[in-house]
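What follows is the residue order along each chain.
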Amino acid sequence: MATTAVGQPLSRVDARRKVTGTATYSAEHRIEGLLYGVIVNGTVARGTVSRISVDAALAHPGVLRVLTDFGKLQLAHPVDRLAFYGQPIAVVVAETLEAATHGASLVEATYERQDAVTDFDDPDIPSQTPEDEPDYSRGDPAGALASAQVKVDLELTSARENHNPIELPSTIARWQDGRLTLWDKTQWSQGAARTVAGALGIAVTDVRVHNEFLGGGFGSGIQTYDHVVLAAFAAREVNRPVKVVLTRRQFYYGTGFRPASRHRMTLGSTVAGRVSALVYEVRIENARYRTYTDGLTDLPKFLYGVPNTSTAYRITPIDVHSPASMRGPGVVLGNFALETAMDQLAHELAVDPVELRLRNEPTQDEVSQLPFSTRKLRECYQTGARRFGWSRRRAKPGSRTDGDLLIGMGMATASYHNNRRDSSARARIHADGTAEVFAASADMGPGTTTSVMQVAADVLGLPASAVTFRLGDSSYPTAPLHAAACTMASVGSAAHTTCNALKAEFIRRAVADPDSPLHGANPADVQVRDGQLETSGARDTYRDILRRAGLPSLDITGNWGPGDADSRISTYGYGAVFAEVSVDPLLGLVRVRRIFAAYDVGRVISPKLAHSQAIGGMVGGIGMALLEGTVTDHRDGRIVNASLADYLVPVNADVLDLDAAFINTEDPQADPIGVKGLGEITIVGVAPAIGNAVFNATGKRLTDLPIRPEALL
């Protein structure tokens, strides 16, 4: 099959709609009879509501209902008591947003408070080992550490982070004839349908979720939170459509977050730079009502060929909302601990950090004992070092300056599991020769609508302009959550498989049709280009095949899944991240001058979109390294900096020179289109690369994220 779309740097097919404002996001749908709901949040971290007064709110002009009884709802947390600050205690429904907002401010509650703990460093709160993260060990880590010629022992921390996409969580709910339609900012329409159906006690077949356009998510839209259920509940109670949009402050209380973490990473090595032992212990904050884990130990026990390794994962349950996945979940923090320790080891051994990593490349996955499907990490190191100019790095910390500024270079390895999940798609070719592909996926920014279209266009032998990929509707064929870097490998493979089946059906019809120029031809010899089926000079078209059959269109629904591939191969994406920083020693200010990364992520379907993903991940990594941190007032669990005025995120001035390259490779053992996930890996490795560059500039090994100016003074 001649490739005409895959590999081309196409612009996003929905770009014009987004930049001209014609793309309709969840809160922007115009629904007849729409009312507005505003959530009232509790103001204690633990306790019960002893009394709630709604009379003043109901007396306010425009307010129709104040709902306070959630007893029949099945939510992720208890409904009979308060489990975290900001838990919803009421919903005010009004004719206008202004009336609902003011009405919510008039609701008064008194509480029976219970002693609460919101600081997971409180020594009185015991930690636990989660069931899905048992302790891991291979070899003899303790013995190997005891006999190691060189040791590195670091304690590291990271602050809680919140997602902060510009589009706020928003839901419109409408009931008609006992069936519920939601327009929701979700990364998983079918997951949202199941959650809401379960919460309301209705059949999932009676719920339909639309999410065609998402304004970023970073993981905040994977789970279905209270505001979605309460919008549906309120709409049912008042028998009119209801819109609920969280404020920025409510966003911090009403959705999950990347949990704060505490790490201890110990490495043992020979003087020749062969790492012989690794012991990693990590602890994260958790909610009391729900256990959350996100794989912090994955990379430390996998990434390098360390024969003696142990990991221990602990959670500390406190009175907070449950954490949630955030871009690069878990892996990005475990990688920070590992790559910081590797850089420190390289310094103590007087070995180049890239060379140290090369000396510890494994020959197989030492956790699963499986062969790698592809692992072009060496090429990532080589390409990244060459393009970045790593040879100009000075090994002695603090030895390079630019005026009054200290200049440093650092690097880190990146990796992320190649997640693939069962997925389905429906492919249809119309009588005019155009095609559509449908799947209940989403596109919060990576360009799924474009990249899946490119795959489908090449399989069907059609120009890209003739193919449309439709997503954002839970009634479409099954798709996994739009997260965990699994969308392209899963949905793209389902589209590939289904389009191949549809093309084969057209070929079968043509060769079996006496009126077709291809009648009697061997199906295996038929090629399709620009909508024409041809072999040995004979040609037919999709249009003519449908015309002769009297059909307006022909479609097929197909499925794809990874099967048992993960029991036979170890498939990961890889990368090498290089950063240069300047440090003002008088002010303690760190500025990222440039970042370059090289990635092995399999076949790159859309180079322009892949590069955009890489840049976005780097921006997130800069935020993690230097700026982002959620601050809690532990007296009551209130988040102090719950706004974009106080919670710092990178702006244009923080991201001067970011670039990425992709190693030319495919992973056909993992999936039929040869791709690996890209969305998550691009944030992995950025924070430690920046931290290692700061060390190279200053000689100060900083192990707390974010890196604050006072730590450098």
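Analysis parameters
Residues numbered from 1 in each chain as written. Predicted model: local features only at pLDDT ≥ 70, side-chain atom pairs only at ≥ 80, totals over all residues. Heavy atoms only, no water. Salt bridge = Lys/Arg side-chain N within 4 Å of Asp/Glu carboxyl O. Helix = DSSP H or I, 4+ residues; strand = E, 2+ residues; numbered from the N terminus. Buried < 20%, exposed > 50% of the residue type's maximum accessible area, 1.4 Å probe, protein only. Patch = residues over 30% accessible without salt bridge, like charges linked within 9 Å, V, L, I, M, F, W, Y side chains within 5 Å. Areas by Shrake-Rupley, 256 points an atom, 1.4 Å probe, with all protein chains shown as cover. Core = buried A, V, L, I, M, F, W, Y, C linked by side-chain atoms within 4.5 Å. Contact = heavy atoms within 4.5 Å. Phe/Tyr/Trp six-rings, centres within 6.5 Å; stacked < 30°, edge-to-face > 60°.

Draft legend 1. Broad picture of the pattern of salt bridges. Scanning all chains against the criterion turns up 38 salt bridges. Residue R283 pairs with D121 through a salt bridge whose shortest N-O separation is 2.9 Å. Here R283 is found in strand β13 (residues 275-287), whereas its partner D121 is found in the loop between β5 (108-113) and β6 (136-138), with 162 residues between them in sequence. We classify D121 as partly exposed; its relative accessible area is 36%. Here R208 and D473 are joined by a salt bridge, their closest N and O atoms 2.5 Å apart. Remark: D473 occurs in the loop between β19 (467-470) and α13 (487-512) and R208 occurs in strand β10 (residues 207-210); sequence separation between them is 265 residues. One network of salt bridges, with partners in common, ties together R46, R288 and D319.

Draft legend 2. Structural context of a nonpolar patch on the surface. Together, I166, L644 and V649 make up an exposed nonpolar region whose accessible area comes to about 260 Å². Tracing the backbone through its elements, the reader meets V649 in the loop between β27 (638-639) and β28 (658-662).

Draft legend 3. Representation of the nonpolar core. Residues M265, L267, I595, Y599, M618 and I690 are the most contacted members of the largest nonpolar core, which totals 92 residues. A per-element tally of this core places helix α9 (residues 331-349) first, with 11 residues. Among residues more than four places away in sequence, those in contact with L267 are L145, V150, K151, V152, V275, A277, L278, A341, M342 and L345. Formed by 48 residues, the second largest nonpolar core is a distinct cluster that contains F438, V452, F469 and A510.

Draft legend 4. Representation of the packing of aromatic side chains within the structure. Scanning the model with the defined rule gives 13 aromatic pairs in all. Between W390 and F578 the ring centres are 5.4 Å apart and the planes differ by 65°, which places this aromatic pair in the edge-to-face class. On the criterion of sequence distance, the pair formed by W390 in the loop between α11 (377-388) and β15 (401-402) and F578 in strand β24 (residues 572-584) is long-range, its members being 188 residues apart. Taking the relative accessible area as the measure of exposure, F578 reaches 0% and is therefore buried. On the numbers, 5.4 Å between centres and 75° between planes, the contact of F438 with Y476 is edge-to-face.

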